[in-house]
Amino acid sequence: MFETLKAQPADNILALMQMYKDDPRETKIDLGVGVYKDATGLTPIMRAVKSAEHQLWEAQNSKSYTGLAGDPDFGDALVKLVLGDAVRRANVAAAATPGGTGAVRQAFELIQMARPDARVFVSDPTWPNHLSMLKYLGMTIVPYRYFDEDTRGVDFDGMTADLKTAQKGDVILLHGCCHNPTGANLNATQWDAVIKILQDSGATPMIDIAYQGFGDGLDADAAATRKVAASVPECLIAASCSKNFGIYRERTGMLMAVSSDASAQKLNQGTLAYLNRQNFSFPPDHGARLVTMILNDDALRADWMAELEDIRNAMLGLRSQLASELQRLSGSDRFGFLAEHRGMFSRLGTTPDMVAKLRDDHGIYMVGDSRMNIAGLNAQTVPILAKAIIDVGI
Ligand code: LMR
């Protein structure tokens, strides 16, 4: 029967990982997949994670099942980390998922269950897997303008004009912070305008927050998500712990459905548990337990926050270094946006041909839409990248 299968399109980001691996050049630089790397190129296990793992190994005496929505303590801890005191805990249904991707997928399925004809508005561009999963599920995608190719900032007029066409029953997918793939983000005033559109249209926001703590800080990065959740009757939030806890392969994430009253919460909670059961039954526990231990222990939490802050500042330092190096080499400010962007990524804003030239001539790997993972750089490779960008004529 399997001879009927058709080859599926390769995921660009994952295909690039393989191309990089296969490149024998020692000088190659990987700015592809969104994984944090320190100055030595290692994706380190964070200190607090290592300590929590040690404690867990000593104390854990069973690996029996938890709950379909995961351990309730994880729910409490992560809801608090993402939403703070913005909404009542009793109004939030929360289910652990395999990573942030799992949360996004469950959110899409929840939307489909509730409203089979819902249109999902997505930023143009967005994380390619948003589109891939929506297509796979046969859902209707409506792109909204987001990136201004000239300024490399947000095309806010285009964005709001497009979002105003959304209606009740539609979903607007927003990146809570650190927009992937562009690195261009809304400011607080612009978020307020988006909230007004949500309120006026009755469309439901879905926020993907995968990089909390990588942009302007843990609370600053969650501020928009909190404000949206507090301002509309219903909201979905897909949160990832992969990046801010550095536990990529543990698959730790959570889908939250925020509603304006506790009876809706009960129905949502039951539905999230049901959806987990259909797709994978119990969610992975190891990463979730580590996160819970870290967030609920003062010393571990303080250490985690300090290390996360170091990571964030290291990325900001690389951004400034790259922007000033390019200013020096180009004699212009046209790369200043690199210092303004936030999170792991910046979209350079060049053609796929130039991206291929950087790869072929200089061994520099970035995604075809010119998304660079800033964390793939270090103080020594920034000047190499800057020179290559100028050399190929960007
Ligand atoms: C990325 O965008 O590079 C990350 O979110 C990893 C992934 O799964 O694509």
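The rules behind the values
- Residues numbered from 1 in each chain as written.
- Predicted model: local features only at pLDDT ≥ 70, side-chain atom pairs only at ≥ 80, totals over all residues.
- Heavy atoms only, no water.
- Buried < 20%, exposed > 50% of the residue type's maximum accessible area, 1.4 Å probe, protein only.
- Helix = DSSP H or I, 4+ residues; strand = E, 2+ residues; numbered from the N terminus.
- Pairing = 2+ DSSP bridges.
- Right-handed = clockwise from strand over helix to strand, strands pointing away.
- Polar contact = N/O pair within 3.5 Å; in protein donor to acceptor, adjacent residues only side chain to side chain.
- Contact = heavy atoms within 4.5 Å.
- Near = heavy atom within 4 Å.
- Nonpolar A, V, L, I, M, F, W, Y, C, P; charged D, E, K, R; others polar.
- Domains from an automatic or database assignment.
- Salt bridge = Lys/Arg side-chain N within 4 Å of Asp/Glu carboxyl O.

> Got a minute to help me understand the pairing of strand β7 (residues 234-240) in this structure?
Two faces, one strand: in a regular strand the side chains alternate between the faces of the sheet. Counting buried positions along β7 yields six of seven residues, so the element is predominantly enclosed. With four bridges connecting them, strand β6 (residues 204-209) and β7 associate as parallel partners. Counterpart to Ile207 in the pairing with β7 is Ile237. Between the parallel pair β6 and β7, the chain is carried across by helix α8 (residues 218-231), and the sense of this crossover is right-handed.

> I tried to follow the side chain of Ser240 on my own but got confused; where do I start?
On the secondary structure map, Ser240 appears in strand β7. Engagement of the side chain of Ser240 in a polar contact is seen with the backbone nitrogen of Ser242, the distance being 3.0 Å. What Ser240 contacts, discounting residues up to four positions off in sequence, is Gly100, Ile209, Ala210, Thr252 and Gly253.

> Explain the site of the ligand to me, please; I cannot follow it from the model alone.
In the neighbourhood of the ligand, the contacting residues comprise Ile13, Val33, Gly34, Trp127, Asn180, Tyr211, Lys243 and Arg371. Backbone polar atom of Gly34 to an oxygen atom of the ligand: 2.7 Å apart, as the coordinates give it. In this structure, an oxygen atom belonging to the ligand sits 3.0 Å away from a side-chain N or O atom of Asn180. Here the shell around the ligand is composed, by residue class, of four nonpolar, two polar and two charged. Summarising the domain contributions, the shell around the ligand has at least three residues from each of domain 1 (12-45 + 301-392) and domain 2 (65-296).

> Would you mind going over the pattern of salt bridges with me for this structure?
Between side chains of opposite charge, a pair can form as their charged atoms come close. The final tally for this structure, using the stated rule, is 21 salt bridges. For Asp23, the salt bridge is made with Arg25, and the minimal N-O distance between the two is 2.9 Å. Given the relative accessible area of 30%, Arg25 is considered partly exposed. Shared partners join several salt bridges into a network, and the residues in it are Arg47, Asp303 and Glu307.

> I would appreciate a short explanation of unusual backbone geometry in the present structure.
Generally, phi is negative for residues other than glycine and the peptide bonds are trans, each holding for most cases. In this chain, Asp124 is followed by Pro125 through a cis amide linkage whose omega measures 10°. Checked against the element boundaries, Pro125 lands in the loop between β3 (119-124) and α5 (128-136). Phi is positive for Cys178, close to 50°, though the residue is something other than glycine. As for its position among the elements, Cys178 is in the loop between β5 (171-175) and α7 (188-201). By relative accessible area, Cys178 is classed as buried at 3%. Positive phi, normally seen in glycine, also occurs at Arg251, with a value near 55°. Relative to the helices and strands, Arg251 resides in the loop between β7 and β8 (253-259).

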